[in-house]
Amino acid sequence: MKISKFIGKHWLFCLILVIAGSILAVNTIRNRRDNAETNFAINANKAVTRIAITYGEFVVNLKVNSSGHWLLNDKFRVSDDAINTFFRVASRLQNAGPVSLSINDSLVDAAQRNGKHIEFFSKRRKILSYFILDTDAQNLKTIGYKGKGKTVYKLELPNYDGSIASLINVDESYWGGSKVPAPTLLQVQAVEVDVPHEPERAFRIDVVNSNAYRVLNLYSGHEAQNVDNDRVLNFLTTLTQIPHQGVAQLSIQQKAQLGSANPDFVFNIFTSAGCDVLKVFPIPVEAYTDELGRTVNVDLNRVYVKTSADNQVFIVNYINLYSLLRGVSYFTP
């Protein structure tokens, strides 16, 4: 009753309040819409749990696992340097204004056809999406397009004059830190090494604690005595940090041949989450005769390393595997 009397007495004031509130609500909605269309920097306060980068036939899917680590395509762990570098770029993107109307439409088409499509998700909710493209048009260097609306924007990074889209990498080996994907040293509980061509050389390492190990010859069943723990630690460290030269680009026939071939070495790495397997294969080359008159038909400097985690084949320098191609005697004085 009192409210109706107040409105009746001050109806003009109430009308002004309603109009002002409506204008404020409309402006707020418009500002949010404008920000959604023009903002390309990911908010550091947003809980990003997945990132999808699509570039032609290449797809990079980055996802946080239950341990807080980023995984690439649900297969292997992303290096901290790679993901931190990506966020430094993605969180600092600045909109430098719309491009010229004379080239806007052509850049919309170019961005969608040739640009890198980046999407950020918080659980199942998409929180940011745009196309980014390096271009020579009118010295713009890098442009961004949200995929909706009709406006393309010039993008910049503070204190950086180069092309920005090139900083967004779609090479899987880059995200893996140029190391063969494997469990970390702290995750390893045991390792079994099989040598298919020489089964008597097979052995197993069990991690007893942080500085003690048990080494067992699997062929004889005998445990090695007087194990040098420093040598075992060096072996495990090397095994979990193998650098590679890139992913091998194999034809369907080459993949089939590799799948049916016997590896030189098989490393079974056991963790609480299961078993990761690394297989070492020689790289075939056209046969030739060396200076000693021997026929050589494999690459003497490099090998293939195939992983069970993502079924990829990496090219690794032989010298980086040398300390792993040992027998049980290596671990004893």
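As a starting point, this report considers the structure included with it. These numbers were taken from a predicted model, which means no experiment stands behind them.

Scanning the protein chain for helices and strands turns up seven helices and 16 strands. The proportion of buried residues among the 333 residues of the protein chain is 39%. When the accessible area of the protein chain is evaluated, it comes to approximately 19,500 Å², of which 51% is carbon and sulfur surface.

The subject of this paragraph is the pattern of salt bridges. Scanning the model with the defined rule gives nine salt bridges in all. Two residues, Arg204 and Asp206, come together in a salt bridge whose shortest N-O distance is 2.9 Å. For Asp206, a relative accessible area of 14% translates into the label buried. Because the salt bridges share partners, they merge into one network encompassing Glu192, Arg204, Asp206, Arg214 and Glu223.

On to the pairing of strand S1 (residues 50-55). Pairing geometry for S1 and strand S6 (residues 116-122), over five bridges, is antiparallel. Paired with Arg50 across the two strands is Phe121, which belongs to S6. For S1 and strand S2 (residues 58-64), the ladder comprises six bridges, and the chain directions are antiparallel. By the bridge assignment, Ile51 is partnered in S2 with Leu62. Where S1 folds back on S2, the antiparallel hairpin that results is connected by two residues, among which Gly56 adopts a positive phi of roughly 65 degrees.

Quick look at the environment of Asp171 now. Here Asp171 shows up in the loop between strand S9 (153-156) and helix H5 (172-175). Taking relative accessible area as the criterion, Asp171 reaches 39% and is therefore assigned partly exposed. As a C-alpha pair, Asp171 and Val247 span 76 residues in sequence and 9.2 Å in three-dimensional space.

The subject of this paragraph is the side chain of Asn73. Tracing the sequence through the fold places Asn73 in the loop between strand S3 (70-72) and strand S4 (76-77). Relative accessible area serves as the criterion here: at 18%, Asn73 is assigned to the buried category. Aside from chain neighbours lying at most four places away, what touches Asn73 is Val59, Val60, Asn61 and Glu172.

Here seven strands make up an open sheet; going across it, the order is S12-S11-S10-S13-S14-S15-S16 and the pairing antiparallel. Two strands bound the open sheet, and with one partner strand each, they are strand S12 (212-217) and strand S16 (313-317). In this sheet, neighbouring strand axes are inclined to one another by 25 degrees on average, regardless of whether the strands run parallel or antiparallel. Both strand S10 (residues 190-194) and strand S13 (residues 265-271) contribute to a ladder of five bridges, which runs antiparallel. Along S13, the bridge assignment pairs Ala190 with Phe270. Relative to S12, helix H6 (residues 229-239) is tilted by about 85 degrees, and along the sheet it contacts S10, strand S11 (203-209), S12, S13 and strand S14 (274-289).

The next point concerns the side chain of Asp299. With respect to the helices, strands and loops of the structure, Asp299 is situated in strand S15 (residues 295-307). Classification of Asp299 as buried rests on a relative accessible area of 18%. At 3.0 Å, the side chain of Asp299 forms a polar contact with the side chain of Arg302. In this structure, Asp299 is in contact with Ile283 and Val285, ignoring residues within four places of it in sequence.

What follows deals with the environment of Gly162. Its location among the elements puts Gly162 in the loop between S9 and H5. The spacing of Gly162 and Lys141 is 21 residues in sequence and 7.3 Å in space, taken between C-alpha atoms.

The next subject is the pairing of S14. Taken residue by residue, a regular strand's side chains alternate between the two faces of the sheet. For S13 and S14, the ladder comprises seven bridges, and the chain directions are antiparallel. Opposite Phe265, over in S14, you have Val280 as the bridge partner. Looking at chain direction, S14 and S15 are connected through eight bridges and run antiparallel. When the sheet's bridge partners are listed, Thr289 is paired in S15 with Thr295. Between S14 and S15, which follow one another and run antiparallel, lie five residues, and Gly293 among them has a positive phi close to 85 degrees.

Buried within helix H3 (residues 80-90) we find Ala82, Ile83, Phe86, Val89 and Ala90. The buried residues of H3 occupy an angular sector of 125 degrees when projected down its axis, which confines them to one face.

The phi dihedral of Asn159 falls on the positive side, at around 60 degrees, and the residue is not glycine. Secondary-structure assignment places Asn159 in the loop between S9 and H5. Of note, Asn226 is a non-glycine position whose phi angle comes to about 55 degrees, a positive value. Examined against the element boundaries, Asn226 turns out to sit in the loop between S12 and H6. Asn226 sits in the exposed class, given a relative accessible area of 62%.

The rules behind the values
- Each residue is numbered by its place in its chain's sequence as written, counting from 1.
- Restriction of local features to residues with pLDDT of at least 70 applies here, the model being predicted, together with a cutoff of 80 or more for giving and counting side-chain atom pairs; totals for whole chains, interfaces and linings are based on all residues.
- Excluded from the side-chain calculation are hydrogens and water; included are all heavy atoms of the structure.
- Only DSSP runs of H or I with at least four residues qualify as helices, and only runs of E with at least two residues qualify as strands; both kinds are numbered from the N terminus onward.
- For the exposure calls, accessible area comes from a 1.4 Å probe over protein chains only, and a residue counts as buried if that area is under 20% of its type's maximum, exposed if over 50%, partly exposed in between.
- Each accessible area value is a Shrake-Rupley result obtained with a 1.4 Å probe; residue values ignore everything except the protein chains displayed when judging cover.
- Definition used for salt bridges: Asp or Glu carboxyl oxygen within 4 Å of a side-chain nitrogen of Lys or Arg.
- In this analysis, strands are considered paired if DSSP registers two or more bridges between them.
- Every residue pair with non-hydrogen atoms within 4.5 Å of one another is taken to be in contact.
- Orientation is described by lines fitted to C-alpha atoms, with helices fitted over the stretch in contact, and by angles between N-to-C directions that extend from 0 to 180 degrees.
- Nitrogen and oxygen atoms within 3.5 Å of one another constitute a polar contact, given that in protein one can donate a hydrogen and the other can accept it, and given that sequence-neighbouring residues count only through two side-chain atoms.
- Directions pointing from the helix axis toward each C-beta atom define the arc.

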